[in-house]
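Here is what each chain is made of, one letter per residue.
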There are 2 protein chains.
Amino acid sequence: MLTYSIENRGGRSLYEYFYECIRKDIVSGALKPGERLPSKRAFAKQNGVSIITVENAYGQLLAEGYLCSRPRSGFYVANIQDRMRESGGGCALDTRSDEDGSVRFDLGARAMPAESFPFATWTRLMRRISADGREELMNPSPANGVLRLREAIAEHLREFRGIEVSAGNIIVGAGTEYLYGLLVSLLGRDRLYAMENPGYSRSERIYASMDAEVVRVPLDDGGVDMAALRASHAEVLHISPAHQFPTGIVMPVSRRYELLAWASGAEGRHIVEDDYDSELRLSGRPIPALFSIDRSERVVYMNTFARSLSPTIRIAYMVLPDGLMRRYWERLGFYSCTVSNFEQYTLSAFIREGYFEKHINRMRARYRAVRDSLSAALRAEMPEGGFGIVGQDSGPHFLLRAGSRHAEPALRERLAACGVRVSFLSDYYAADAMPQPASENVMVVNYSGIAPGQCAELARVIADALKG
Amino acid sequence: MLTYSIENRGGRSLYEYFYECIRKDIVSGALKPGERLPSKRAFAKQNGVSIITVENAYGQLLAEGYLCSRPRSGFYVANIQDRMRESGGGCALDTRSDEDGSVRFDLGARAMPAESFPFATWTRLMRRISADGREELMNPSPANGVLRLREAIAEHLREFRGIEVSAGNIIVGAGTEYLYGLLVSLLGRDRLYAMENPGYSRSERIYASMDAEVVRVPLDDGGVDMAALRASHAEVLHISPAHQFPTGIVMPVSRRYELLAWASGAEGRHIVEDDYDSELRLSGRPIPALFSIDRSERVVYMNTFARSLSPTIRIAYMVLPDGLMRRYWERLGFYSCTVSNFEQYTLSAFIREGYFEKHINRMRARYRAVRDSLSAALRAEMPEGGFGIVGQDSGPHFLLRAGSRHAEPALRERLAACGVRVSFLSDYYAADAMPQPASENVMVVNYSGIAPGQCAELARVIADALKG
């Protein structure tokens, strides 16, 4: 029977307090996956609180996926241990600090303050479309998205990314993960897919969930190591040349041509260029896309509005070369588009009428201000030569290489104890590929959730944790 | 070089006229897949019209998928021949009548008149949510959908479908096709999937595009033929027991128990119950779901709002038994939800505040009125005993078995010549499974796009085509 002392709850409401206690026990493993929780009534009685309080706490845990419920049976602890181990950050559920007290500085997840999304403009456009475009809204969208949105995307790519594409080569879908699925159906599940190491374990898991085999290829200073790529016998390479995550490497043009030569060197080779966050380049000119210098139809370009605009808008797109586009129509053209017409038409008006550009400029200005304050504050707090910042030219994250007498595990604990939630470069290496020694004590600082006013204090807290 | 005489264009605008001419040539095969069209400039000059006119015509053909375009190269004829052959209706692109003149009565596709969707209510709710729920809207949705929507769906299922489920067993996704994909990942790509024959070729193509093997199982009067199912060695059966498409068979309860016994008879067997259109039952009580009598956790329930509400809302859901739900969290719980928060919260308010129920009642009343007028008009026009209507208890389609001295191919032509677009039962049989003789000259009459006032004339036109 679960009992928690309500004397330690501090300023939190009762329901928040119980929510925190149970979550902590699940994250720590004190409550095991599959374990049955006491009924709401029993829990309430045991802890001397109302059933409503327990309902709220259980409801929140259920919503966040810590619990599952079974009808006529009760609440059970969800299996999040495996996911926590494998995920290496990126998902709020997995890497929340479970230290006492709350997270003061969350540098671990992509946060998007509610005020950053232009709600008023978005709903105004939506209302207009709902009033004027009823016939269009009721017509099923073509499989690859409504023409008006694809034209708006093509125009956007031409103006801001220097990519010339026809609207007919664009496929709109509900998120990049969905588009990965289409790609695997199109390119073949029997191919070997290569991903960067370090990189997002999430993309790897997605390919794997579609029964495609994935191999990790190490990086050198210019991105994917060519010799290792060749030795891997992979046929499809998934990369982010404009801003590799998490290293921030911008792939030099020579490596780009090497990769294109690799791709055209054998039948069936393709490169998936995941260009997310390329809009958020904070210094200098945008990096040209690999797609735009490809002459052999081997590059698939992919980007999403979920990151640049808001996670609540689930719209991504990919651009296929002509050959793959024909294959798409032949094999997958009968599919329904996964994005509602409402959102397709709203987004197309949002882009065409210049609001997307304004939004990107606003976000860039914000990220630039935070990055500048934060690096200035770090310079002020840290001993000279005791740290280094890498990959700061594209928002909203950089690597912080920190000199410290503490080893990485101790450093993690010290930071967590100070309320700093942050992931480390080593989290992004595949389990079976040892990180290089140089990647130790390197933090991946995602500052999208940090306000400029918080930077001085955050730098102080980090510096204290490093010294100790 | 394409040249069309503009003297025959009748009352149509120039751009519509050229659009029609080219489309006709593509559908008929006069323009071959992959063939390059003249440049806009060349076409304009040749036909003595402005480039804008040609742009509009090409643009429309591109939007509808008749053409593909390649940057710096031009416009090419898309390969729609294969799809036309295989699709057997359901998709406007594939089965449009290409006879001269327009389609007067479209009985072939699910049409949804714009006025049937409650736009005003929907946008009012959206606006309210955008004003009051910004924090919620910016929080990423759990993989299986936001709790509030899943609770609203559970409540709806309880009240209107008699199904008791927990919100924790519901997975929300951008359309049933997307959910099929999750299911295949979950159940395994190496299983044999069985589908009904006749049935939707679309579902079969979706499973096939995910590299799952599909077998078609014939029907008897009670639905899936049990002996054939056993002999097929299939492990997963995809069915619509409440209202089989296109036969309209309502599976009797004895067959349901037989199927459940089959499913629990061996490890790994599952039934996917696709319950679409079950809300649109027009007579008597709703048919209980197979899911609700399953005690061995073998049934996955699936339904969509795209059909009951509007094709513009791309939200579907499935209900997994506990065992599969645990597997979902373990294997696929890291996925992002494919439906935007905006639409999830709007739909949950729409259901909770009773608008969905009102909408369903309105649609049911409309379909009942059309069905009654149409069958009365057919009775008035047709010789007694010369026709039969089957499966009319659930909207919005029924089978019309028509006595005619014309064989099916001739009948199709006669109907098309009168401007009636309709598919036949034989279209829904797998290519390698010959339809039974009894299924000849049976039309699948989808009356969702027909207004009550059109029924008398439609019946007259059909009767004339049959007699001739």
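Residues numbered from 1 in each chain as written. Chains lettered and ligands numbered in written order. Predicted model: local features only at pLDDT ≥ 70, side-chain atom pairs only at ≥ 80, totals over all residues. Heavy atoms only, no water.

Undergrad: Just give me the short version of the packing of helix H17 (residues 355–381) of chain B against helix H19 (residues 455–467) of chain B, but keep the residues and values in it.
TA: Residue and element names in this part refer to chain B. Here H17 crosses H19 at 40°, and the two axes come no closer than 8 Å. Overall, the two elements H17 and H19 adopt an arrangement that is oblique. H17 and H19 meet at a crossing whose hand is right-handed. Here Val-370, Ser-373, Leu-374, Ala-377, Leu-378 and Glu-381 of H17 come into contact with H19, specifically with Cys-455, Ala-456, Leu-458, Ala-459, Arg-460, Ala-463 and Lys-467. In the contact of H17 with H19, the residues fall into nine nonpolar, one polar and three charged. (Axes fitted to C-alpha atoms, helices over the stretch in contact; angles between N-to-C directions. Helix = DSSP H or I, 4+ residues; strand = E, 2+ residues; numbered from the N terminus. Parallel < 35°, antiparallel > 145°, perpendicular 65-115°, else oblique. Left-handed = near helix turned anticlockwise from the far one by under 90°. Contact = heavy atoms within 4.5 Å. Nonpolar A, V, L, I, M, F, W, Y, C, P; charged D, E, K, R; others polar.)

Undergrad: Could you give me a rundown of the nonpolar core, with the residues and numbers involved?
TA: The tendency in soluble globular proteins is for nonpolar side chains to be buried side by side. In terms of nonpolar packing, the biggest core is built from 184 residues, with Leu-229 and Met-443 of chain A together with Met-443 of chain B touching the most fellow members. With residues up to four places along the chain from it excluded, the contact list for Leu-229 of chain A reads Ala-194, Val-217, Val-224, Ala-234, Leu-237, Leu-259 and Trp-262 of chain A. Counting 66 residues, the second largest nonpolar core, distinct from the first, contains Cys-68, Ile-206 and Met-210 of chain A together with Leu-183 of chain B. (Core = buried A, V, L, I, M, F, W, Y, C linked by side-chain atoms within 4.5 Å. Buried < 20%, exposed > 50% of the residue type's maximum accessible area, 1.4 Å probe, protein only.)

Undergrad: Pulling in residues and values, what's your account of the interface of chain B and chain A?
TA: Listed per partner, the contact involves 65 residues of chain B and 65 residues of chain A. For chain B, the biggest contributors to the area lost against chain A are Phe-119, Met-138 and Phe-334 of chain B; these three give 13% of the whole. Inspection of the region where chain B meets chain A yields two salt bridges. Between Asp-211 of chain B and Arg-189 of chain A there is a salt bridge; the shortest N-O distance is 2.6 Å. Taken together, the connections running from chain B to chain A amount to 18 residue pairs in polar contact (both at pLDDT 80 or more). (Buried area = accessible area lost by both parts, 1.4 Å probe. Salt bridge = Lys/Arg side-chain N within 4 Å of Asp/Glu carboxyl O. Polar contact = N/O pair within 3.5 Å; in protein donor to acceptor, adjacent residues only side chain to side chain.)

Undergrad: Any details on the pairing of strand S11 (residues 316–319) of chain B? Residues and values, ideally.
TA: Residues and elements named next belong to chain B. The two faces of S11 match: Ala-316 and Met-318 on one face and Tyr-317 and Val-319 on the other face are all buried. Summarising the sheet, strand S10 (residues 299–304) and S11 pair through four bridges and their orientation is antiparallel. For Asn-303, the partnering residue across the bridge sits in S11 and is Tyr-317. (Pairing = 2+ DSSP bridges.)

Undergrad: Got a sec to walk through the relation of the copies chain B and chain A? Specific residues and values, please.
TA: Least-squares fitting of chain B to chain A yields an RMSD of 0.2 Å, with the superposition described by an axial translation of 0.0 Å and a rotation of 180°. In short, the pair behaves as if placed about a two-fold rotation axis. Same-surface contact between copies: 100% of interface residues of chain B are shared with the interface of chain A. (Least-squares fit on C-alpha atoms with pLDDT ≥ 70 in both.)

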